[in-house]
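Chain residues, written in single-letter form:
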Amino acid sequence: MITQQYLQHLFSYADGLLYWKISRSHCIHVGDLAGCGLKNGRRTIHIDGHLYYLHRLVFLYHYGWLPNEIDHIDANPNNSRVENLRAATRNENQYNARLRADSISGAKNVHWYRQTKKWCVVLRVNKTRKHIGYFSDFELAELVATEARNKFHGAFARSK
């Protein structure tokens, strides 16, 4: 298990990125940006034969412990600044997810229900589907969904 002291020995931190403080091979020099980017935009760093996501190392570097889940407050996985990271449960991390790209309504937790010909508001609370209600007016359904997210998801509520 990697430690905070070991990370602080290997790296310096600036603006959400880690930079090598020591030269570990012929291709890693002091001051080089650590890790490489993946196709999904996240950065990974190899340390002693293990692969780590940058945001997990930044969290450990600053707080000295690693939670099971780390949430990016702004939902941008490329923003690994320490002020953008917080410990979360799997559910809390999902609450803070962005609106799905394939959303037909364009509003989180709101979908058209053909049987009633109304907008339906449904969200997940602790792994359980919570049906909030049916609404003829889309704006009202969107407002109710926002209020329900704020009530049930708290600090992890995200509208878009």
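Residues numbered from 1 in each chain as written. Predicted model: local features only at pLDDT ≥ 70, side-chain atom pairs only at ≥ 80, totals over all residues. Heavy atoms only, no water.

Caption draft 1: Here's a closer look at the sheet that holds strand 3 (residues 36-37). Strand order in the open sheet formed by three strands is 3-4-5, with antiparallel pairing between adjacent strands. Two strands close off the open sheet at either side, each with one partner strand: strand 3 and strand 5 (50-53). Strand contacts of helix 2 (residues 54-63): strand 4 (43-47) and strand 5, with the helix running at about 80° to strand 5, the strand carrying the most contacts. (Pairing = 2+ DSSP bridges. Helix = DSSP H or I, 4+ residues; strand = E, 2+ residues; numbered from the N terminus. Contact = heavy atoms within 4.5 Å. Axes fitted to C-alpha atoms, helices over the stretch in contact; angles between N-to-C directions.)

Caption draft 2: Spatial organisation of the packing of aromatic side chains. As enumerated under the stated definition, the model contains seven aromatic pairs in all. Relative to Tyr61, the ring of Tyr13 lies with its centre 6.3 Å away and its plane at 35°, an arrangement referred to as tilted. Highlighted residues: Tyr13 in strand 1 (residues 11-14) and Tyr61 in helix 2, separated in sequence by 48 residues. Here Trp112 and Trp119 contribute two aromatic rings whose centre-to-centre distance is 5.0 Å and whose plane-to-plane angle is 70°, an arrangement assigned as edge-to-face. Clustering of aromatic rings is evident, with ring pairs tying together Phe59, Tyr63 and Trp65. Above the plane of the ring of Tyr53 lies Arg42, whose end atom (NZ or CZ) is 5.5 Å from the centre. Geometry around Phe156 places Arg86 over its ring, the cationic atom sitting 3.9 Å from the centre. (Phe/Tyr/Trp six-rings, centres within 6.5 Å; stacked < 30°, edge-to-face > 60°. Lys NZ or Arg CZ within 6 Å of the ring centre and 35° of its normal.)

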